[in-house]
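What the coordinates show
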Amino acid sequence: MCGITGFTGKEPALPFLLQGLSRLEYRGYDSAGITLVNSKKLRTWKTKGRLAELEKLLQKDLTQSCGIGHTRWATHGVPSNMNAHPHMNEACTISVVHNGIVENYAVLKEELIKEGYHFHSETDSEVIVQLLDYYYSKKPVMKDALIKTVKRLEGSYALCITTIFEPNTIYVAKKESPMVLGQSKEGVFCASDAPALLAYTKDIMPLQDGQMAILNKNSLELFDQNGKSIQPKFIHFPYDIQAAQKGGYDSFMMKEIHEQPDVIRETLRGRFRGNKIVLPKIDELKADWNSISNTVFIACGTAYHACIYANSLYQKYTGKPSSVIPASEFRYCDPNVDEHTLCIFVSQSGETADTLAALKLAKAKGCTTIAVVNVLGSSIARQTDAVLYTAAGPEIAVASTKAYTTQLVLLHVLILKLAELYGIKVNGISRLIKDMKRLPELTEETLGYEKEIKKYAKMLKDQRDAYFIGRQLDYPSALEGALKLKEVSYVHADAYYAGELKHGPIALIEKNTVVIALATQPEIAAKTISNIKETVARGARVILITDPDMDAKEFKYVIRIPKMRPELMAIPSAVLTQLFAYYAAKEKGCDIDKPRNLAKSVTVE
Ligand code: F6R
């Protein structure tokens, strides 16, 4: 996720670019840059850090009336001045900002190097400007060069390009990354999202996949991948800027819950070739996989719940010994780890002090270390032997939602890869991969239950406690559901293995107690159902989350997850419990994005 702005018009471009980028900082803030055009040259300023750092580099009296800007959330290459956008060709005649992932950048880069091109950054985006240069050098028509370039790109992109050849023109292209256009008396604009434009116009045109545009001082031309003209269609945006930054939702948590289909798609992008798992960073590790006798998953909080899920999957797919340890315990439990141990660390921020300390100990003991992290170039990412990135983008709400589900997805892919490296065949892998590819649409379908969840969350209005129960792969979902509810609504919640209820906790169940029961695993669901009945018999109100085939006639509040392989059910379950926590918190008037006593990143022990 990154933020893009572009402006060409009668007024200076800089004020629009900067205000636009500040409205888009929620999309990324690890580096920022702009290019301004005058008739003789492109002037580019870029830096690691937030927009404020960029502003320090700029003179206030820059009056050029055409320019592009970028605020970055790193995906390829750490946050650095060199990796910051815009990227330029060697002659500094073309400048490009990009949001998205170019999956085939390595192949394109090799091709361009053979043609004599030099690369300066670690980004996938730099191939785009070099490709444009290459095609423009063959035939100096930028529209044609753009059409040829985007035909070569696999993956996702929103592009904004400016050149010295047409100093008042901006070229724009879009596939699977957002881009909106707008026009006002000041000029013509483009941006990754509407909040950047709303101070200037409320009539906005979202560009569709495969569409491109040429923006001039007071005109806007739209065309498809064959260069054929398209009629622009504007939509009137009713939101104010703040609401639009949250995508029209009232909180970042809700926005981030709804982003999950997209970020799961991004996290899975390019990970499969047939039934083979594509994780080059793991291949590059060149570990002696057969000598790994023990695997340990380590993390804190929500990421720890992702580890519990991963640990169960690992044992199921590989049959090898593994365990899960909270990072805050790892240093103090004298862990039985050595050079034959694989330690897998999971962290959204990549900066959690306990996880970092556990990583240092694991390294000192000679373990092989892999991290699953969201923030590129973070401390944990830098210090492990191999790092895999979830593509959740910046998570602003304190309570983790999209980072969690992308962790589940990426850990799943990693475990399949490890099975492959151990030479173990996972039963039903084709079907599993097929369903994994459908996860974005299945998650979207799950979000369709929002109305029901909203209604059920009202049950908590006068309740102090709630209980989440589940067995096997439903157990981490129960833990995470309870944590989310506690964090944002302050309702006390506990999670139990469903079979453990009768060994104590059932003493707490009385008339109207709310129980969220997860029974998504067909092999064991019947057992969970009988545990649920025990709670109903004591007056509990049970919300049952189950699969489409389960016989659940006797239950009043039932949500059926779309049909998919049971190993994947934890993802829609998480989405449902996140919605439940959100609506419970809303019902109680809590500050959803900033729950009391909590910080987004816990960098102290
Ligand atoms: C809960 C939550 C926390 C974090 C935990 C670890 O919603 O966000 O429990 O999961 O503090 O943080 P990271 O993943 O950044 O290491």
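Given the structure is predicted, the values throughout are model-derived calculations rather than measurements.

**So, the sheet that holds strand β18 (residues 294-299)**
Strands sit in the order β19-β18-β20-β21-β22 across an open sheet of five strands; the sheet is parallel. Two strands lie at the open edges of the sheet, namely β19 (322-326) and β22 (386-389), each paired on one side alone. For this sheet, the mean angle separating the axes of adjacent strands, direction not counted, is 20°. Running at roughly 165° to strand β20 (residues 341-347), helix α12 (residues 353-364) makes contact with β18, β20 and β21 (368-373) of the sheet.

**Points about the pairing of β18**
Taken across its six residues, β18 has six buried, putting it largely inside the fold. By the alternation rule, side chains of β18 split into Asn294, Val296 and Ile298 and Thr295, Phe297 and Ala299, which are all buried. Here β18 runs beside β20; their pairing, made up of five bridges, is parallel. The residue of β20 that forms the bridge with Val296 is Cys343. Of the pairings in the sheet, the one linking β18 to β19 comprises five bridges and is parallel in character.

**Here we look at the layout of surface pockets**
By volume, the second largest pocket is sized at about 620 Å³. Lining the second largest pocket we find 28 residues, and of these Cys300, Gly301, Thr302, Glu487 and Val602 sit closest to its centre. Breaking the lining of the second largest pocket down by element, the ones donating at least two residues are α10 (301-318), β20, α12 and α17 (474-489). Broken down by element, the lining of the second largest pocket gets its largest block of residues, four residues, from α17. Each residue belonging to the lining of the second largest pocket can be placed in one class, and the counts come to 10 nonpolar, 11 polar and seven charged. Residues from two domains meet in the lining of the second largest pocket; each of domain 2 (248-437) and domain 3 (448-590) gives at least three.

**Considering the packing of helix α14 (residues 402-422) against helix α15 (residues 429-447)**
It is at 12 Å that the axes of α14 and α15 come closest, and there the two elements cross at 155°. Between α14 and α15, the interaxial angle falls into the category roughly antiparallel. α14 and α15 meet at a crossing whose hand is left-handed. Here Val409, His412, Val413 and Leu416 of α14 lie close against α15, whose contacting residues are Ile429, Leu432, Met436 and Leu439. Tallied by class, residues from the contact of α14 with α15 come to seven nonpolar, one polar and no charged.

**Examining the site of the ligand**
In the neighbourhood of the ligand, 13 residues make up the surrounding shell, with Ser347, Gln348, Ser349, Thr352 and Glu487 lying closest. In this structure, an oxygen atom belonging to the ligand sits 2.6 Å away from a main-chain N or O atom of Gln348. A distance of 2.5 Å is found between an oxygen atom of the ligand and a side-chain nitrogen or oxygen belonging to Thr352. Surface burial for the ligand is 90%, taken as the share of its 400 Å² of free accessible area covered by protein chains. Here the ligand is seated within the second largest pocket. Mapped onto the shell around the ligand, the elements with two or more residues apiece are α10 and α17. When residues of the shell around the ligand are assigned to their parent elements, the largest contribution, three residues, is made by α10.

**Looking at unusual backbone geometry**
Looking along the chain, the bond that leaves His85 and enters Pro86 is cis, with omega of 0°. Despite not being glycine, Glu176 has its phi angle at roughly 60°, a positive value. Tracing the chain through its elements places Glu176 in the loop between β8 (170-175) and β9 (180-184). Here Gln472, not a glycine, exhibits a phi torsion of approximately 50°, which is positive. By the element assignment, Gln472 lies in the loop between β23 (465-470) and α17.

**Some points on empty space enclosed by the protein**
In total, this model carries two cavities of 30 Å³ or more according to the counting rule given. For the lining of the largest cavity, the per-class residue count stands at three nonpolar, eight polar and two charged. The space that makes up the second largest cavity amounts to roughly 40 Å³. Along the walls of the second largest cavity sit Ile453, Ile516, Ile543, Ile545, Ile559, Leu576, Thr577 and Phe580, which together make up its complete lining. Counting only elements with at least two residues in the lining of the second largest cavity, the list comes to β26 (541-546) and α19 (570-587). Considering only residue class, the lining of the second largest cavity consists of seven nonpolar, one polar and no charged.

**What to know about the domain arrangement of the protein**
With domains assigned, the protein is organised as domain 1 (3-243), domain 2 (248-437) and domain 3 (448-590). Distance between the C-alpha centres of domain 1 and domain 2: 33 Å. With 18 residues of domain 1 in contact, the opposing surface of domain 2 contributes 14 residues. Across the domain 1 to domain 2 interface the summed buried area is about 1200 Å²; carbon plus sulfur atoms make up 63%. When the buried area of domain 1 at its contact with domain 2 is split by residue, Tyr26, Trp73 and Glu103 rank highest and sum to 43% of it. Counting across the domain 1 and domain 2 interface gives two salt bridges.

Rules behind the numbers
- Residues numbered from 1 in each chain as written.
- Predicted model: local features only at pLDDT ≥ 70, side-chain atom pairs only at ≥ 80, totals over all residues.
- Heavy atoms only, no water.
- Pairing = 2+ DSSP bridges.
- Helix = DSSP H or I, 4+ residues; strand = E, 2+ residues; numbered from the N terminus.
- Axes fitted to C-alpha atoms, helices over the stretch in contact; angles between N-to-C directions.
- Contact = heavy atoms within 4.5 Å.
- Buried < 20%, exposed > 50% of the residue type's maximum accessible area, 1.4 Å probe, protein only.
- 1 Å grid on protein atoms, 1.4 Å probe; cavity = no way out; pocket = protein on both sides within 12 Å on 5 of 7 lines; lining within 4 Å.
- Points joined across faces, edges and corners; volume = space filled by probe spheres on them.
- Nonpolar A, V, L, I, M, F, W, Y, C, P; charged D, E, K, R; others polar.
- Domains from an automatic or database assignment.
- Parallel < 35°, antiparallel > 145°, perpendicular 65-115°, else oblique.
- Left-handed = near helix turned anticlockwise from the far one by under 90°.
- Near = heavy atom within 4 Å.
- Polar contact = N/O pair within 3.5 Å; in protein donor to acceptor, adjacent residues only side chain to side chain.
- Areas by Shrake-Rupley, 256 points an atom, 1.4 Å probe, with all protein chains shown as cover.
- Sits in = over half its atoms within 2 Å of the grid points.
- Buried area = accessible area lost by both parts, 1.4 Å probe.
- Salt bridge = Lys/Arg side-chain N within 4 Å of Asp/Glu carboxyl O.

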